[in-house]
Amino acid sequence: MKPRLLIYFTLGFPDDQFLVKLIRDMPDGLVDGLELGLPSADPRYDGPKIRLTHIAAKSRELERFDPVLRVCGERGIRVNILSYYSDFENNERNILSFLSRHSVHEIIVPDLLIDYADIADPFLKKLQSAGISYIPFFNAATPDRVIEKYMRSTNSWIYYGLQPSTGINMPLDIQSVVERATSLLRGRDIIFGFGIRNGQDAARIIEAGGHGIAIATALIDDINRHDADSVVHKIEEYRRAIDFVV
Amino acid sequence: MYQTKEQEILPEYWYNVVPDLPEQLSPPKDSSRDSSSIELLKQILPEKLLEQEFSFRRNERIPDEIMDLYIQIGRPTPLVRARNLEKKLSYSGKIFFKYEGATVTGSHKINTALPQAYYAANEGVEEVVTETGAGQWGTATALAASLNSMRSKVFMVSTSYKQKPLRKQIMEIYGANVVSSPSNETDFGKKILKENKDHPGSLGIAISEAVEYALEKGYKYMLGSVMNSVITHQSIIGLETKKQLELQGEEADVMIGCVGGGSNFSGFAFPFISGKAEMIATTAEEVPKFTHGKFGYDFIDTAGILPQLKMFSLGADFVPPGIYAGGLRYHGAAPALSMLVHSGRIRAEDVGENEVISAMRLFSGTQGIIPAPESGHAIASAIRYARQDPASKKTIVVNISGHGLLDLSIFSRGKQ
Ligand SMILES: Cc1ncc(COP(=O)(O)O)c(C=O)c1O
């Protein structure tokens with residue numbers, strides 16, 4: 001199967017018009033999906049760059065983001081939403097109606113297993129009854145039994161963080177991390193994210209058995225400069241890097 | 001008693017508990033909005049150590065060079081049945097102690113100092129920097145640096161610096177440059193001294209000074225406890241203990257150790273975590289982090305240079321009472337250990353200094369070994385346990401994290 005390329009944007013950053021235009025003008029088939037982050041009051045598992053996008057996005061009124069999601073819908077780009085549970089908790093009804101309004105069926109909740117493990121079960125039930133699939137978010141620190149539990153209670157693809165937070169580049173043996181993840185998560189597609197800085201890293205992940213990559217921090221500077229050409233150009237480089245492997 | 005069947009007892013791998021935890025460990029958290037204190041670790045820690053810290057492999061191979069050094073400094077350490085103590089307490093079960101005081105530097109701290117220094121030396125570093133509370137960690141760092149042909153600099157908490165001149169002397173014999181903390185050698189130290197020139201110091205302050213110094217000079221910093229990689233290195237204590245018990249056909253029912261930052265306890269107990277043994281983590285009543293601290297994110301160091309960790313903490317600005325057991329005065333405890341105490345898998349117990357001193361006397365008089373005051377806390381818990389139910393047949397295993405030959409003046413405190 002062709003490796004998947006996901007791109008992350010924080011909604012509202014740098015502004016809505018830029019994101020709408022960027023997504024509208026993206027070459028066909030460049031990305032396999034977008035991961036759109038709801039601006040968070042406490043983006044604690046994001047690195048410094050993405051933290052700043054959350055702060056810069058200021059408003060958290062979801063209606064404001066409708067045009068961005070509409071253009072994704074028009075272009076047939078698959079979307080998943082990233083929301084911290086700490087924000088979801090306070091804004092549950094609005095978030096669920098936002099998802100349903102735009103036919104988004106997938107949600108990533110980076111702090112759930114870490115800070116809210118004790119209420120994860122009822123939360124997953126709630127999502128299920130709203131027709132939303134929870135995408136488990138694991139990393140190297142996720143214990144085996146937690147992974148086993150979520151392998152039983154979900155059937156989604158898996159988002160796997162390579163680093164302790166986004167935008168952090170700790171020394172890492174990509175091969176061994178990817179191999180461990182794929183052997184624990186047999187039968188699931190795994191998209192690796194957090195700290196992929198160049199095409200070489202991306203290719204190594206696919207070579208080691210990853211099913212796809214997610215890119216976020218590497219694009220932030222260009223986005224901040226409203227430089228859509230550069231953003232697209234960088235995405236194309238990642239696309240080539242992972243497609244070349246197969 | 002010493003170094004028999006060494007090949008059989010020494011493990012080939014360190015054990016990292018994280019894949020076996022009940023819940024996911026919270027990652028370190030950046031202290032400020034627009035910079036990364038996690039990323040800062042790259043400037044002060046050897047790359048290999050960071051790779052271990054964040055990759056969480058269950059089994060981490062011990063490099064041959066470090067294994068050789070482990071043997072040099074006295075590993076495996078003995079596991080001894082405390083028959084005379086059992087008799088004195090009229091205890092029907094068995095009491096064993098693992099004796100980390102048998103290493104050449106006199107405590108478990110050398111178990112992680114060696115790999116950390118080795119990784120730093122491999123990167124061409126000329127000097128390593130650290131803090132020390134009791135003096136045990138500084139001693140281990142000084143020797144590990146010397147064995148790897150590096151210089152060392154130690155910020156020693158002022159109270160201990162005054163209490164323990166012999167510790168300072170040993171570090172200097174191993175080639176270390178030892179200064180009292182808070183010191184005039186860092187901005188943070190100067191700031192604290194300006195507010196109070198007689199400040200007793202704390203481990204949190206000494207860590208901040210060591211980190212600031214390492215950053216400024218481009219040296220590497222050595223971590224004495226708390227971080228997961230340190231606990232992983234310390235697993236050699238528990239892995240040896242497991243093998244030693246096995247060879248004697250014994251099984252631990254109760255495991256007891258003392259907690260400062262949590263490294264000797266975790267290293268001793270975690271290799272047994274998947275089993276059924278009851279576990280007791282003993283802290284100083286004067287530094288009751290588990291029973292009176294908060295479980296949440298807090299700073300590793302007082303200045304907040306390093307990232308925050310989710311742990312039990314009394315607050316990074318906590319200034320501990322001047323109890324003798326300097327190694328137990330730290331405000332927090334390792335995240336994995338904190339989680340297991342929080343979840344109830346490990347029970348926490350507080351013991352006060354007077355009870356500790358009596359326990360140390362009893363242990364010295366029955367077993368001949370004078371334990372470190374820190375280890376005295378674990379012994380006190382073990383004695384409590386045995387006295388509670390002398391008819392019990394349970395096998396109690398206690399970790400004696402160090403010897404107390406340089407801490408004898410604690411006994412005159414007990415008489416006061
Ligand atoms: C002999 C001894 N035991 C215990 C400790 C406490 O540290 P940890 O909890 O990391 O083992 C120290 C720390 O200095 C020590 O020197």
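Residues numbered from 1 in each chain as written. Chains lettered and ligands numbered in written order. Predicted model: local features only at pLDDT ≥ 70, side-chain atom pairs only at ≥ 80, totals over all residues. Heavy atoms only, no water.

**Student:** Please explain the pairing of strand E3 (residues 79-82) of chain A as it appears in this structure.
**Tutor:** Regular strands place side chains that alternate from one sheet face to the opposite one. Residues and elements named next belong to chain A. Where burial is concerned, the two faces of E3 agree: the one with Val79 and Ile81 and the one with Asn80 and Leu82 are both buried. Bridging between E3 and strand E4 (residues 106-108) involves two bridges; their strand directions are parallel. Bridge pairing in E4 places Leu82 opposite Ile108. (Buried < 20%, exposed > 50% of the residue type's maximum accessible area, 1.4 Å probe, protein only. Helix = DSSP H or I, 4+ residues; strand = E, 2+ residues; numbered from the N terminus. Pairing = 2+ DSSP bridges.)

**Student:** Any chance you could explain helix H15 (residues 335-342) of chain B here in plain terms?
**Tutor:** Note: α-helices contain 3.6 residues per turn, so residues at a spacing of three or four share the same orientation. Residue and element names in this part refer to chain B. With seven of eight residues buried, H15 lies mostly within the body of the structure. By the burial criterion, the buried members of H15 are Pro335, Ala336, Leu337, Ser338, Met339, Leu340 and Val341. Where H15 terminates, the next one or two residues include Gly344, which has phi positive at roughly 95°.

**Student:** Hey, could you run me through the pairing of strand E8 (residues 190-193) of chain A in this one?
**Tutor:** Residue and element names in this part refer to chain A. Alternating residues of E8 divide into Ile190 and Phe192 and Ile191 and Gly193, and every residue in both groups is buried. For strand E7 (residues 158-161) and E8, the ladder comprises four bridges, and the chain directions are parallel. What sits directly across from Tyr159, in E8, is Ile191. Note on the crossover from E7 through helix H9 (residues 174-184) to E8: the handedness is right-handed. Following the chain from E8 across helix H10 (residues 199-207) to the adjacent parallel strand E9 (residues 212-215), one finds a crossover that is right-handed. (Right-handed = clockwise from strand over helix to strand, strands pointing away.)

**Student:** Is there a simple way to think about empty space enclosed by the protein in this case?
**Tutor:** Over the atoms a probe the size of a water molecule is rolled, and this reveals where empty space is left. All names here are of chain B. Enumeration according to the criterion identifies seven cavities of 30 Å³ or more in this entry. Taken together, 31 residues form the lining of the largest cavity, with Lys109, Leu203, Gly224, Ser225 and Gly327 sitting closest to its centre. Breaking the lining of the largest cavity down by element, the ones donating at least two residues are strand E5 (127-132), helix H7 (136-147), helix H11 (203-217) and helix H13 (263-269). Of the residues belonging to the lining of the largest cavity, the class tally is twelve nonpolar, 16 polar and three charged. A domain-level breakdown of the lining of the largest cavity finds at least three residues from each of domain 1 (12-65 + 109-221) and domain 2 (74-107 + 235-412). In this structure, the second largest cavity occupies an estimated 250 Å³ of space. What lines the second largest cavity is a set of 23 residues, among which Leu25, Pro27, Pro28, Phe54 and Phe56 lie closest to the centre. (1 Å grid on protein atoms, 1.4 Å probe; cavity = no way out; pocket = protein on both sides within 12 Å on 5 of 7 lines; lining within 4 Å. Points joined across faces, edges and corners; volume = space filled by probe spheres on them. Nonpolar A, V, L, I, M, F, W, Y, C, P; charged D, E, K, R; others polar. Domains from an automatic or database assignment.)

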